Amino acid sequence: MPQMQLVKCTINGKATETTVDVRASLTDMLRNDYRLTSVKKGCEVGECGACNVIIDGECFNSCIYLAVWADGKSIMTLEGLIGPDGELSDIQQAFIDEAAVQCGFCTPGFIMTAWELLESGKEYTRDELRKLLAGHLCRCTGYENIINAVETTMKKRLGKA
Amino acid sequence: MAVGVSEKRVDAFDKVTGRAKYTDDLADKSALIVKIFRSSVAHGLVKSIDTSEAEKIPGVVKIVTCFDVPDRPIPTAGHPWSLDLGHQDIADRLLLNRHVRYYGDDVAAVIAQNEIAATRAVRAIKAEYEEYPFVLDPLEAMKDGAPQLHEKFGNNILAHTSYEDGNYEEAIKEPGLLRFEKWYDTPTVQHCHIENHICYAWEEAGKVNVVSSTQIPHIVRRVVGQALGIEWGKVRIVKPYIGGGFGNKQDALYEPLCAYLSTKVGGRLVKYDMTREETFACTRVRHAIRYHITTHVRPDGTFVAGRLEAFSNQGAYASHGHGIVAKGAGAYRQLYCYRGACKGDAYTIYTNTAASGAMRAYGIPQITFALESHVDDIAKALGMEPVALRRLNMMEVGYVDPFSKNENYFDSFNQCMEKGMAYLDYEKKRKEYANQTGPVRRGVGMAIFWYNTAVWPISLESSSCRMVLNQDGSIQLQLAETEIGQGADTVFAQMASETLSIPFENVHVISSQDTDITPFGTGAYASRQTYMGGFSIKQTALLLKSRLLAYAQNVTRMPVSSLDLVDGHIVNVNSGRALLSLKDLALEAFYNTDRSEHITAESTYQAKSNAYSFGCTFAEVEVDIPLCKVKILNIVNVHDCGMLINPALAEAQVHGGMSMSIGYGMSEQLLYDPKTGRPLNDNLLDYKLSTTMDHPHLEAQFVENYEPTSAYGTKALGEPPATSPAAALRNAILHATGVALDAAPMNPHRLFARFREEGLV
Amino acid sequence: MYDMKALYEAKSVPDAISLLQEHPGARILAGGSDVLVQLREGKLAGLEFVSIFKLDELRGVSLEQDGTMRILPLTSFSHVARDPIVNRCVRVLAEAVDKVGGPQVRNIGTIGGNICNGVTSADSASTLVAYDAVVEVTGPEGVRQLPISEWYVGAGKVALRPAELLTAILIKKESYEGYAGFYIKYAMRNAMDIATLGCSVNVKLSGDKKTVADARVAYGVAGPVPMRAKSAEEAARGKPVSEETVEAAAQAALADVNPRTSWRATKEFRLHLVEELARRALKEAINRAGGEI
């Protein structure tokens, strides 16, 4: 029998618990146990960023994060950015408006990193944004519109656009 | 008016909320897991396989080996089927192979209850091989005595084609000609769609059903039927959202094997989710092509004779085969005008590497790198400006391709180049950077390209469309042309909205294709979507409109000839008055107790035309010579892809293509160990895909000339952006340093080697 | 899913040590960015693991009374990078770890893991070597300290004994006070990459900023383990702040290194970089120390 362990954590604002196989990655748990399918698998070794989620305010590639480590943590996935009445967050809307979405597979991961940096309330230069977003690979966009979407949202939040 | 407007993508909401379902998101959790046991030799014959240890592992359901599969070779290329035997794709691989032809070839498949059991079983399988010598380089593979991959293809030559316009030997006799001759090399690169290939299969309702991350559901249906030896109607392929394809998924990849494995476990659901490493090493790659180009030029720069020899590395299996190098050879012949003669030879050669297949721009990135490098080498030798040399020789306005009947209607090249030069302040910088010394130098460079739209007359070109009226006057739109991230669904909705004159939001595109339901069409490739989809959408929309107006005749008691559909209303064309909304008409049509009719339209358009797409790249670089590094300061692509259906999405396509070509030129290359044939960098750490920090701002600009052959004035854009940036960067480095790099990628290793040869470091 | 035979989550440092004693073949799992990747590759498949990830007692940076900077091993790269003590005392270390991978990797990767895997390309390693860091390990026999020069015993091998755990990385006040450093990571990409060559240099200048009082030069990937370039240091120490001194030191570095040819880079290219990076890093470090070249 596989070694199982209870994991209690907050996911997208809701206290949850489930018993997981200790061998599971956080990606496995979020996708399989919670059906949070915005968490994508692109490489499973932390190189592409498609499985990125926010844990206690910082971004992590959930593929190289054990599910049991999530015990006691607060996790946010893309699903958690949607408001109570289904409204989009500013950054999600910006991804639509700036044509920053193509195949959409890297999109959830990018948006979560964008969310983390936007929540800092800081103003970043475009080069700094490039560095902060560098943990995500995208083959469709050349990153151009993704950076535009993040920059536009940042400026709006800071009242500069 | 919906065409020409930057409407938001119809799939964007689902994609920014995580609602968009991709293959793995749809697979039932009960799926059995497939893992593949792969060859650990680059070439050999499997003598025996021992699965006894593997079968003991708890959770293993079944192991199928190369000794179990039918001897029925499969043609995997995502081409329309051809009724002409001589034009059918080469079938040269089995579901699992005893004769293994590359490191990682499919030898056996494990079906297990979970991933760990499957992985452990793969590790526990032992195979004995009779090892054969292997060959990685196409020129070596062509030699007598080289290891042979496929019996039918002597010297590993899958195909050799040639052409000669005029008489080359005569043409080069012209007195006073200067001769320029050089080799150019392009690398093996991989598509790197972020979603790996994945598919799952099960049997139901007398059919084998496959959900797959594919660009070409209807073609995959045929290939699965062929592979399993069953009627094509007994195969159903479903294509949900896919996380990029770029041509790799324009092939039947593992759908045939997955379908077959399901039939071996009583039709249970089996899922094959490839790893990134397998996607790199065991799907398809871009053909690495070596070119030998010779040009005979008058002292004033006029090209008199051109000679191309191209050697394309096919890898282990045919896949798209010779089509790629042949397409490049065709582009070579037309991009420039040779006053005397042009002669070409193209070879496609099997080697013991991953099979090469389709990849964004199908042979044109390769020839563009080689030819546009060559043209700059000539310009430099003649002391001419690269733009001037191109203007003197490039395809003339009014040129008609004798084969496809494509016509160069406009002065697109000059229009594009003018914009590119203006953006970069090119002419000023060209002079400013002419004579630099010191460790850090700047340069500007450019390159041009032309690209075909769709595949006529090489292959069938047809598209089918279905429109179904809803009770509220909106329509469902279905095509077999697939959304793979490029934005096809959105521009299709725009086109339908335009021709029907109904609001954009009243067109509901059914994004997913299901071969049981979706009308026939061949899928996403060859930059054909807007061009081909446009034909069938316009034709079907007009058909639907005629039916709507015919019904409206009953309701309005006015003749069809006096009616039109404008802004979602039936309008009297004489008075201009709106008589009733399409919604009211639809309700009538559905629920009228005297005359109920579900109004739909469906039609196929077969295109017998094609269209030249044109463009250029201008780039500015800074080369740090001691560090052997290139920084891209500015880069712009300018395209004439006809009219833009959705300018924002068009721009986004250009960004992605430029990014891919920057990687092609500067950093990407799949490497093989010369000692074992093993891929060395089959992961996203060691394969240098550009990150956000490796790009400058990507500037996309357009020249809009209405393409006369096209339903909405549009032509190829999906692939062309990936063609010219690499060569423009190469030419910018040449301008900066005086050093010609004749092989891509122009990474620090190569720069170091060349700078050392030139005494710069 | 990771093919682990068993996972033991340590509750404290002593608990980790006893778990390691109870399960002699078990591997330590810290942030996992290295070990989990190897596990997936099959290299460590089927083994037992002791996870120390949740030991918050091993996170953080502090200054001891004597000015020694104490970095606890589970401190993530991103936390090291923005730690005020690190930025004040050894700014170049903050900069070096900020060049690791990308943001998510820097959030999970730990500075302790970075030196425990013994990898020559580790971005923190050359700087720690350059600053004569001291490694503190805790095991069944208690706590011991060893200079980082004795830590690396071979490619991928460090001086950890069975059931021992890295519990701190120390940089003494005399090692950093008055020094200014610069790290150059040379890689094929500007992010998400491992170093082709890494060079970390620090200098202390004379009061008038005219003389190099001390210089320390360290490399990653110039040999099987992170290493110091003593000849280069010798060539700079006590010499005037000048182009000539920098040049002499950069060339002298070639005598200290032993890079190899692999498919990642040729020896010739790495040697070229050894010299060029030393040149640039030395200049930058001197500039940061207030010298002018």
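Thresholds, definitions, all that
Residues numbered from 1 in each chain as written. Chains lettered and ligands numbered in written order. Predicted model: local features only at pLDDT ≥ 70, side-chain atom pairs only at ≥ 80, totals over all residues. Heavy atoms only, no water. Helix = DSSP H or I, 4+ residues; strand = E, 2+ residues; numbered from the N terminus. Rg over C-alpha atoms; globule rule 2.2 N^0.38 Å. Contact = heavy atoms within 4.5 Å. Buried < 20%, exposed > 50% of the residue type's maximum accessible area, 1.4 Å probe, protein only. Areas by Shrake-Rupley, 256 points an atom, 1.4 Å probe, with all protein chains shown as cover. Lys, Arg positive; Asp, Glu negative; His and termini not counted. Charge placed at Lys NZ, Arg CZ, Asp CG, Glu CD. Buried area = accessible area lost by both parts, 1.4 Å probe. Salt bridge = Lys/Arg side-chain N within 4 Å of Asp/Glu carboxyl O. Polar contact = N/O pair within 3.5 Å; in protein donor to acceptor, adjacent residues only side chain to side chain. Nonpolar A, V, L, I, M, F, W, Y, C, P; charged D, E, K, R; others polar. Core = buried A, V, L, I, M, F, W, Y, C linked by side-chain atoms within 4.5 Å. Pairing = 2+ DSSP bridges. Domains from an automatic or database assignment. 1 Å grid on protein atoms, 1.4 Å probe; cavity = no way out; pocket = protein on both sides within 12 Å on 5 of 7 lines; lining within 4 Å. Points joined across faces, edges and corners; volume = space filled by probe spheres on them. Patch = residues over 30% accessible without salt bridge, like charges linked within 9 Å, V, L, I, M, F, W, Y side chains within 5 Å. Axes fitted to C-alpha atoms, helices over the stretch in contact; angles between N-to-C directions. Expected span 1.5 Å × (residues − 1). Right-handed = clockwise from strand over helix to strand, strands pointing away.

Chemist: Residues and numbers for the overall build of chain C, please.
Modeler: A tally of regular secondary structure across chain C gives 13 helices and 14 strands. For a compact globule of 293 residues, the expected C-alpha radius of gyration is about 19 Å, and chain C comes in at 19 Å, within 12% of that figure. Its C-alpha atoms give chain C principal-axis dimensions of roughly 60 × 50 × 30 Å. Here the contacts in chain C between residues at least 6 apart in sequence split such that 60% fall between residues at least 24 apart.

Chemist: How would you summarise the overall build of chain B if you had to cite specific residues and measurements?
Modeler: Assigned secondary structure in chain B consists of 20 helices and 29 strands. Taking 2.2 N^0.38 as the reference for a compact globule, 761 residues should give roughly 27 Å; the C-alpha atoms of chain B span a radius of gyration of 27 Å, in line with that estimate. When the backbone C-alpha atoms are referred to their principal axes, chain B occupies close to 90 × 75 × 50 Å. Within chain B, buried positions represent 66% of all 761 residues. Carbon and sulfur atoms provide 50% of the accessible area of chain B, an area that totals close to 24900 Å². When the 75 basic and 88 acidic side-chain charges of chain B are each reduced to a single mean position, those positions are 2 Å apart.

Chemist: Let's hear about the interface of chain B and chain C: which residues, and what values?
Modeler: Counting residues at the interface gives 29 residues for chain B and 24 residues for chain C. Taken over both partners, the interface formed by chain B and chain C buries close to 2400 Å², and the fraction arising from carbon and sulfur atoms is 55%. Viewed at the interface, chain C and chain B are joined by six salt bridges. The shortest N-O distance in the salt bridge between D193 of chain C and K688 of chain B comes to 2.6 Å. Taken together, the links from chain B to chain C amount to 16 residue pairs in polar contact (both at pLDDT 80 or more). When residues of the side of chain B that touches chain C are traced back to their parent elements, those giving at least two are α4 (115–124), α9 (276–282) and α20 (748–757) of chain B. Of the residues in the side of chain B that touches chain C, the class split is 14 nonpolar, four polar and 11 charged.

Chemist: An account of the nonpolar core is needed here, citing residue identities and associated values.
Modeler: If you look at the biggest cluster of nonpolar residues, it comprises 169 residues, and the most contacted ones within it are F95 of chain A together with Y219 of chain C. The element best represented in this core is helix α13 (residues 267–288) of chain C, accounting for nine residues. Once residues lying within four places of it in the same chain are set aside, the contact partners of F95 of chain A are A100, V101, T107, F110, I111, I146, A149 and V150 of chain A together with V16 of chain B.

Chemist: So what's going on with the sheet that holds strand β4 (residues 99–100) of chain B? Which residues, and what values?
Modeler: All names here are of chain B. The three strands lie next to each other as β4-β2-β6, forming an open sheet whose pairing is antiparallel. The open sheet has two edge strands, β4 and β6 (126–131), and neither has a second partner. Of the pairings in the sheet, the one linking strand β2 (residues 44–50) to β6 comprises six bridges and is antiparallel in character. Note that in β6 the partner of V46 across the bridge is Y129.

Chemist: So what's going on with the domain arrangement of chain C? Residues and values would help.
Modeler: All names here are of chain C. Along its sequence, chain C is organised into domain 1 (6–51), domain 2 (60–173) and domain 3 (181–288). For domain 2 versus domain 3, the distance between C-alpha centres works out to 20 Å. Contact residues are listed per partner, giving 23 residues for domain 2 and 24 residues for domain 3. Summed over both sides, the interface between domain 2 and domain 3 buries roughly 1800 Å², with carbon and sulfur atoms accounting for 56% of that surface. A per-residue breakdown of the area domain 2 buries against domain 3 is headed by T120, S126 and A130, which together make up 29% of the total. Applying the counting criterion to the domain 2 and domain 3 interface returns four salt bridges.

Chemist: Which residues make up the environment of A12 of chain B, and what are the values?
Modeler: Residue and element names in this part refer to chain B. Looking at where A12 falls in the secondary structure, it is placed in helix α1 (residues 12–17). Assessed through its relative accessible area of 1%, A12 is described here as buried. As a C-alpha pair, A12 and I49 span 37 residues in sequence and 48 Å in three-dimensional space.

Chemist: Now, about empty space enclosed by the protein: what can you tell me, with residues and values included?
Modeler: Residue and element names in this part refer to chain B. Overall, the coordinates contain six cavities of 30 Å³ or more when judged by the stated rule. Roughly 570 Å³ of internal volume is contained in the largest cavity. Taken together, 38 residues line the largest cavity, and the ones lying closest to its centre are Q486, Q653, L717, G718 and E719. Listing elements by their share of the lining of the largest cavity, those giving two or more residues are α15 (488–500), α16 (529–556) and α18 (647–666). It is α18 that contributes the most residues to the lining of the largest cavity, three residues altogether. Split into classes, the residues belonging to the lining of the largest cavity amount to 19 nonpolar, 15 polar and four charged. A volume near 120 Å³ is recorded for the second largest cavity. Considering the residues around the second largest cavity, the lining is formed by 13 residues, among which R93, L94, D106, L253 and Y254 are closest to the centre.

Chemist: So what about a nonpolar patch on the surface? Which residues, and what values?
Modeler: Residue and element names in this part refer to chain B. There is a patch of nonpolar side chains on the surface, built from W81, L83 and W232 and spanning about 350 Å² of accessible area. Along the chain, the position of W232 falls in the loop between α7 (217–228) and β11 (235–239). For W232, a relative accessible area of 36% corresponds to the partly exposed category.

Chemist: A description of the pattern of salt bridges should follow, citing residues and the corresponding values.
Modeler: All told, the structure shown has 83 salt bridges over all chains when counted by the stated rule. With a shortest N-O distance of 3.0 Å, D377 of chain B and R730 of chain B are connected by a salt bridge. With D377 of chain B in helix α11 (residues 364–382) and R730 of chain B in helix α19 (residues 725–737), this residue pair connects regions lying 353 residues apart in the sequence. Judged by relative accessible area, D377 of chain B falls into the buried class, the value being 14%. Each of R31, K40 and K41 of chain A together with D24, D25, K271 and D273 of chain B takes part in one network of salt bridges that share partners.

Chemist: Could you give me a rundown of the interface of chain B and chain A, with the residues and numbers involved?
Modeler: Tallying the contact residues gives 56 residues for chain B and 45 residues for chain A. Sorting the residues of chain B by area buried against chain A places V16, I194 and T692 of chain B first, and these three jointly supply 18% of that buried surface. For D25 of chain B, the salt bridge identified is with K40 of chain A, shortest N-O distance 2.5 Å. For the pair chain B and chain A, the number of links is 27 residue pairs in polar contact (both at pLDDT 80 or more). Those elements giving two or more residues to the side of chain B that touches chain A turn out to be α1, α2 (23–26), α4 and α18 of chain B. Looking at the side of chain B that touches chain A, the element that brings in the most residues is α18 of chain B, giving eight residues.

Chemist: Run through the sheet that holds strand β1 (residues 32–38) of chain B, naming residues and quoting values.
Modeler: Residues and elements named next belong to chain B. Spatially, the eight strands line up as an open sheet ordered β3-β5-β1-β12-β9-β10-β11-β22, and their pairing is mixed. The open sheet is flanked by β3 (60–65) and β22 (513–514), the only strands paired with a single partner. As paired strands, strand β9 (residues 198–204) and strand β10 (residues 207–212) are joined by six bridges and run antiparallel to one another. By the bridge assignment, W202 is partnered in β10 with N209. Running at roughly 145° to β11, α7 makes contact with β10, β11 and β22 of the sheet.

Chemist: Account for α13 of chain C, naming residues and giving values.
Modeler: Taking 1.5 Å of rise per residue, the 22 residues of α13 of chain C would be expected to cover 32 Å, and the 31 Å separating its terminal C-alpha atoms lies within 8% of that figure. Immediately downstream of α13 of chain C, the backbone of G290 of chain C shows phi near 100°, a positive value.

Chemist: Residue-level account of the pairing of strand β16 (residues 341–350) of chain B, with values.
Modeler: Residues and elements named next belong to chain B. Counting buried positions along β16 gives nine out of 10 residues, so the element sits mostly inside the fold. In terms of strand pairing, strand β7 (residues 157–165) meets β16 through eight bridges, oriented antiparallel. Its bridge partner being in β16, S162 is matched across the sheet by D345. In terms of strand pairing, strand β15 (residues 303–315) meets β16 through 10 bridges, oriented parallel. When the bridges of β16 are listed, F311 appears paired with Y347. Following the backbone out of β15, through helix α10 (residues 323–335) and into the adjacent parallel β16, one traces a crossover that is right-handed.

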